[in-house]
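Structure assessment
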Amino acid sequence: MDRTPLATAVPRRWLNLGVLAHVDAGKTSLTEALLQLGGAVTERGRVDDGTTQTDSLAMERRRGITIRAAVATFHAADVGVNIVDTPGHPDFIAEVDRSLSVLDGAVLVVSAVEGIQAQTIVLHRALRRLDVPTIFFVNKVDRMGADVERTIGKIRRHLTESVVTLGSRSAEQLCTDLAGYDDLLLQEWIDGGLPSPERLWRSLRSLTSGCVVSPVLSGSARTLAGVEELTDAILRLFPTSGGDTDGPVAGQVFKIERTAKRARLCSIRLRAGALAVRDHVAQGTVTALQVHQPGGAVPAARATAGQIIQVEGLDQARIGDWIGTRPTGVPTPNFRPPALQSTITARDPARQNDLYRALAELADIDPLITLRVQHDELHVSLYGKVQQEVIAETLATEYGIEVALGQPSVICVERPTGRGHAVLRYGEHQYPVTMGLTVAPAPPGSGVALEITAEHGSLPLHVYGTTEAFREAVLEYLDDPLAAGPHGWPVTDVTVTLTESGYPPASPRPAEVRYTTALVVTEALRAAGTTVCEPIDRIRVEFPSDTISEVLKVLGRHGATTTSSETAVVEALLRTSSVDAVRHELIGAAHGLAVVDAHLDHYAERRSASASSSSPNG
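The sections below set out a description of the structure shown in this document. Positions within a chain are numbered from 1, following the residues in the order the chain's sequence is written. Residues qualify for local features only when their pLDDT is at least 70, as the model is predicted, and side-chain atom pairs are given and counted only at 80 or more; totals for whole chains, interfaces and linings, by contrast, use all residues. The side-chain values count all of the structure's non-hydrogen atoms but skip hydrogen atoms and water molecules.

Digging into the sheet that holds strand 5 (residues 134-139)
Hydrogen bonds between backbone atoms are what pair the strands of a sheet, whose relative direction is either parallel or antiparallel. Here is the rule: Two strands qualify as a pair provided that DSSP identifies no fewer than 2 bridges between them. Helix and strand definitions follow DSSP, with helices as H or I runs of at least four residues and strands as E runs of at least two, each counted in order from the N terminus. For every element, the axis is a line fit to its C-alpha atoms; helices are fit only across the contacting stretch, and the angle between N-to-C directions ranges from 0 to 180 degrees. Residues count as neighbours in contact if any of their non-hydrogen atoms are within 4.5 Å of one another.
As summarised here, the arrangement of the seven strands in space is 2-3-1-4-5-7-6, forming an open sheet in which the pairing is mixed. Since the sheet does not close on itself, it has two edges, and those belong to strand 2 (70-76) and strand 6 (163-165), each with one partner. This sheet shows a mean twist of 25° between the axes of neighbouring strands, independent of strand direction. Relative to strand 3 (residues 79-85), strand 1 (residues 13-21) runs parallel, the two being bridged by seven bridges. Of the residues in strand 3, the one forming a bridge with W14 is G80. On top of the sheet, helix 4 (residues 118-129) reaches strand 1, strand 4 (105-111), strand 5 and strand 7 (214-218); it is set at about 165° to strand 4, its chief contact.

Right, here's the structure in full:
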């Protein structure tokens, strides 16, 4: 590997590299080793000492896990490598998926001692789904109990058979592996003898960048064994980008933080064009820009395609937004929204308003955190207990607000039980609007529908222009009253019919129509009654075939309804509230190798609860 001194290394190309692993496989330690060999740091940080470059949050250092994606950079010859260190804990899988969408390649770390873990399989599937080229690094070969060959065998069995082992293998052995995937290479070998080492590398680069094969190397991040060979493979095999700096800008927002002055700081992967201070884009005006360099982010006036940058001034940006034009062929991250929620209260009642503002900021940073207010209580959505604890610690350390969190509960919905009608006429309430509405059950999964049967002449079209514009406005007005039904959950699968409408001359204003809609819908829902329905997931469990009896016992204890069973795959319907418990129990039942894929199948009426205990506050 060419380690050109940093002072003269001017990257002409960029490589954005992900480092992923199951918890404790050595992901952050490998990141530190790559940075040291790349000349970005003189001494590696240690997770145990809290001195790593990427785990910069105090809580990350205390817990020894990665919570938020972080970027660290080193230069090698004319390539700038941005290492994106991603979380490994299941509670932060959405953070992983967002980060994967900006990568040119990834190193998936597997422990030579513990081997393949369930989360390793989940991460590998995410990489495959987004077509991210991958190299496996079998880590901890210096530890007692390490077995590289056994681990590679598990990679073939549980992840992919399309692996090519590198290291001390002969050119003929490597060519034999590659020729099974590269017909042109095979023909060259037959016609002219063993191809040159450089020709073998070209074949391997094409197969790796095309996600046809995944190379495997082994070593120890702790002792640096094999890390230089890994770095060389990364630079040889993964695609780099310099981009067309003269074309229109195209950049993807994958992370939003707050600066010390509470300004929004957007992390963006530039895929095309250039972005400069004072540039105007749809999300705002660039007021400050930083590019990643060895040692940290530094201010810059301009950044070009291929780089990961940090930008201030884009106050309208959201995670997942595209700055400029979205390129064709870029996959969209796919992750399930949180299924749990918890009440959250400031221990000092005087800080409750401060808590709301702080949570609103956190929800702005992470769109998968949803903040709801119900009966003067705050509810925040979650992926799991660890994320709940991290939110509480973030509020304490960054905002100085100590909070009390309720026990996480599954997020339910309400469906109308019957038909309900309500009407308010102007002169009988505070707004100059007449509105009559009927709510009725709709088919499961249909969402919210609006019908208008009131006379056309009675609609306030002088305010909205057309019937369709009025209809679109009322549909929007339904969001607030349907966000929390009589039991406090969102109302869905409902048909709302506008049966009566009226107004006195020179009225109404749009706000008055909105407020009246909320009042009438709330009353109509009370008249109809609602049923609380909890989410039911369809899960697919993969596991070693010799553990099938123990796996079925776990599923049975949680009331799963098995829909199919094969040698090492079971599909079942299971309450969403039980999915985390099943995952935890299967760790022992399936020797840590059970993979649970879950997605929402339908909602079913809660069998157990009364109205009070069914509410978010119960």
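Some details on the nonpolar core
Note the threshold: Put simply, buried Ala, Val, Leu, Ile, Met, Phe, Trp, Tyr and Cys residues joined by side-chain atoms within 4.5 Å make one nonpolar core. Exposed residues in this analysis have more than 50% of their type's maximum accessible area, buried residues have under 20%, and partly exposed residues fall in between, with area computed by a 1.4 Å probe over protein chains only.
Membership of the largest hydrophobic core comes to 40 residues, with the highest contact counts inside it found for L30, L34, L230 and I234. Excluding residues that lie within four positions of it along the chain, L230 makes contacts with L30, L34, V107, I135, F137 and L217. Within the second largest apolar cluster, 27 residues are counted, among which are V102, A112, I155 and V595.

Observations concerning the packing of aromatic side chains
Each aromatic ring pair is characterised by the separation of its centres together with the angle its planes make. Let me state the cut-off plainly: In summary, the pairing rule links any two rings of Phe, Tyr or Trp, Trp by its six-membered ring, whose centres are within 6.5 Å, and it sorts them by plane angle into stacked for under 30 degrees, edge-to-face for over 60 and tilted for everything else.
For the structure shown, the criterion picks out two aromatic pairs. Measuring from ring centre to ring centre gives 5.5 Å for Y431 and Y515, while their planes differ by 35°; the resulting arrangement is tilted. With Y431 in the loop between strand 24 (420-424) and strand 25 (434-441) and Y515 in helix 15 (residues 510-528), the pair connects residues that are 84 residues apart, well separated along the chain. Overall, Y515 belongs to the partly exposed group, its relative accessible area being 43%. Aromatic side chains Y464 and F470 sit 5.4 Å apart centroid to centroid with 65° between the ring planes, which places their arrangement in the edge-to-face category. Taking the relative accessible area as the measure of exposure, Y464 reaches 15% and is therefore buried.

A short note on the pattern of salt bridges
We apply this condition: In the sections that follow, a salt bridge refers to a side-chain nitrogen of Lys or Arg positioned within 4 Å of a carboxyl oxygen of Asp or Glu.
Scanning all chains against the criterion turns up 25 salt bridges. A salt bridge links D78 to R13; the shortest N-O distance between them is 2.9 Å. Taken together, the residues span a long stretch of sequence, with D78 in the loop between strand 2 and strand 3 and R13 in strand 1 at a distance of 65 residues. A relative accessible area of 31% means that R13 is categorised as partly exposed. E198 is the partner of R236 in a salt bridge, and the nearest nitrogen-oxygen pair spans 3.8 Å. Of this pair, R236 sits in helix 9 (residues 227-237) while E198 sits in helix 8 (residues 197-209); the two residues are 38 residues apart in sequence, bridging distant segments of the chain.

Honestly, that's just the spatial picture; any functional story needs more than this.
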